[in-house]
Amino acid sequence: MKCIGVLLLVCGTLVGPQLARAETQPLHLASLEWLPYVGPGLPDGGMSGAVAKAAAARFGHGIKISYFPWKRAMQAGGSDPDFVGYFPAYHTAERARECHFSASMGNSTVGLAMLTAAPLRWRVLDDLAGNKLGVVLGYSNGAAFDQMIKSGKLAVDASESDTINLKKLLAGRVRAVVIDKAVLRYLLASDPALSKERAKLVFDERPLAELTLHVCFQRTPLGLKLKQSFDAALLQTDIAKIENAYFDKLDRTLGAVRR
């Protein structure tokens, strides 16, 4: 019994101060530049940043976001003690074993961007075999699509960003690009080089996946506590209202820049 008492005392000594500090410090999350969802140059750190900020404020926290390439963001947010998690992440079985997923904080429509003059016709994923597709390194694009890549049934060309992939598409280096619909909309409106070519690109009407977005809190006692508080706050947060207002503001800002 004395051993158990000592063990509990040690655990309390280690975990207690960490939980106490978490109640006064901003939630430090790792992320990537994935416009308009997250990005250092966007108000509130992006649309997902605005949702996270609104939810965190409901249980007394601010938000601090540090930006990395996506694979590095997952590593830092998943294990670095300076962070509590990473976002916005698609839910996958593999990630669910490594972190505490929050409830959904938004949705992502993932599909194919292709050349208007050379559309790619397909009905099922097997129809895409034999075409080189551009993807972003480290991204999940739906369980079925990811599995076909792992099994070698789909040929992909991985890059560091959606922007690079779209430029590869315009240069004819890939047949189509896997991309989020809102990301494509934003890039075609904001990137000068892509904006000039927007008539050449089209988003396929058939989505690859409709995916939810989450915070992936670290699999620690603190991470679980924060996940539970964050989930409760999300129930009181009008996510659609925040997203619609954010896109309206972006459209006005980008429109003014183009004029």
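Here the structure is shown first, and the text comes after it.
Everything numeric in this text was worked out from a predicted model, so none of it was measured. Each chain carries its own residue numbering, running from 1 in the written order of its sequence. Given that this is a predicted model, residues contribute local features only at a pLDDT of at least 70 and side-chain atom pairs are listed and counted only at 80 or more, while totals for whole chains, interfaces and linings are drawn from all residues. Values shown for side chains rest on all heavy atoms present in the structure; no hydrogens or waters enter the calculation.

A short note on the state of the cysteines
Argument step 1. Throughout, disulfides are identified as pairs of cysteine sulfur atoms within 2.5 Å of each other. Enumeration over the complete set of coordinates arrives at 1 disulfide.
Argument step 2. Across a sulfur-sulfur distance of 1.7 Å, Cys-99 and Cys-216 are joined as a disulfide pair. For the disulfide bridge between Cys-99 and Cys-216, the dihedral angle about the S-S bond is near -85°, and by the sign convention the bridge is left-handed. Here Cys-216 lies in strand E10 (residues 209-218) and Cys-99 lies in strand E4 (residues 99-101), a separation of 117 residues in the sequence.
Argument step 3. Accessibility expressed as a relative area gives 4% for Cys-99, which makes it buried.
Argument step 4. Exposure is judged per residue with a 1.4 Å probe applied to protein chains only, and the accessible area is read against the type maximum: over 50% gives exposed, under 20% gives buried, and values in between give partly exposed. Residue classification places Cys-216 among the buried residues on the basis of a relative accessible area of 1%. Comment: elements are numbered from the N terminus, with helices defined as DSSP H or I runs of at least four residues and strands as E runs of at least two.

A short note on the packing of aromatic side chains
Argument step 1. Two rings from Phe, Tyr or Trp (for Trp, the six-membered ring) form a pair when their centres are within 6.5 Å of each other. A pair whose planes differ by under 30 degrees is stacked, one over 60 is edge-to-face, and the rest are tilted. One pass over the full model with this rule turns up 6 aromatic pairs.
Argument step 2. The interplanar angle of 85° and the centroid separation of 6.1 Å between the aromatic rings of Trp-34 and Tyr-90 together place this pair among those described as edge-to-face. Here Trp-34 is found in the loop between strand E1 (27-31) and helix H2 (47-57), whereas its partner Tyr-90 is found in strand E3 (residues 85-90), with 56 residues between them in sequence. For the pair Trp-34 and Tyr-90, one class covers both residues: buried.
Argument step 3. Taken together, Trp-34, Tyr-37, Tyr-90 and Tyr-139 form an aromatic cluster joined through their ring pairs.
Argument step 4. Of note, Arg-206 hangs over the ring of Trp-122, and the distance from its end group to the ring centre comes to 5.6 Å. Here, a charge over a ring is recorded when the distance from Lys NZ or Arg CZ to the ring centre is within 6 Å and its angle to the ring normal is within 35 degrees.

Thoughts on the pattern of salt bridges
Argument step 1. One speaks of a salt bridge when a side-chain nitrogen belonging to Lys or Arg is within 4 Å of a carboxyl oxygen belonging to Asp or Glu. Applying the stated criterion across every chain yields a total of 4 salt bridges.
Argument step 2. Of the charged contacts in the structure, one is a salt bridge between Lys-168 and Asp-157, with a shortest N-O distance of 3.0 Å. Note that Lys-168 is positioned in helix H6 (residues 162-170) and Asp-157 in strand E7 (residues 155-159), a separation of 11 residues in sequence.
Argument step 3. Using a relative accessible area of 18% as the deciding quantity, one classes Asp-157 as buried.
Argument step 4. Put simply, Asp-231 and Lys-227 hold a salt bridge, and the shortest N to O gap is 2.5 Å.

As for empty space enclosed by the protein
Argument step 1. The rule is simple: put a 1 Å grid over the protein atoms alone, call a set of points where a 1.4 Å probe fits but cannot get out a cavity, call an open set with protein on both sides within 12 Å along at least five of seven lines a pocket, and count a residue as lining if it has an atom within 4 Å of a point. Grid points are joined across faces, edges and corners, and a volume is the space filled by probe spheres set on the points. If you walk through the whole model with that rule in mind, you get 2 cavities of 30 Å³ or more.
Argument step 2. As a volume, the largest cavity reaches approximately 90 Å³.
Argument step 3. Lining the largest cavity are Leu-32, Trp-34, Trp-70, Pro-88, Tyr-90, Arg-95, Tyr-139, Ser-140 and Leu-213.
Argument step 4. Just so you know the grouping, Ala, Val, Leu, Ile, Met, Phe, Trp, Tyr, Cys and Pro go in nonpolar, Asp, Glu, Lys and Arg go in charged, and all remaining residues, Gly too, go in polar. Looking at the lining of the largest cavity, its residues break down into 7 nonpolar, 1 polar and 1 charged.
Argument step 5. A volume near 50 Å³ is recorded for the second largest cavity.
Argument step 6. Lining the second largest cavity, in full, are Trp-34, Tyr-90, Val-110, Tyr-139, Asn-141, Asp-162, Val-178, Ile-179 and Asp-180.
Argument step 7. The greatest single-element share of the lining of the second largest cavity, amounting to 3 residues, is contributed by strand E8 (residues 176-180).
Argument step 8. Its residues assigned to classes, the lining of the second largest cavity comprises 6 nonpolar, 1 polar and 2 charged.

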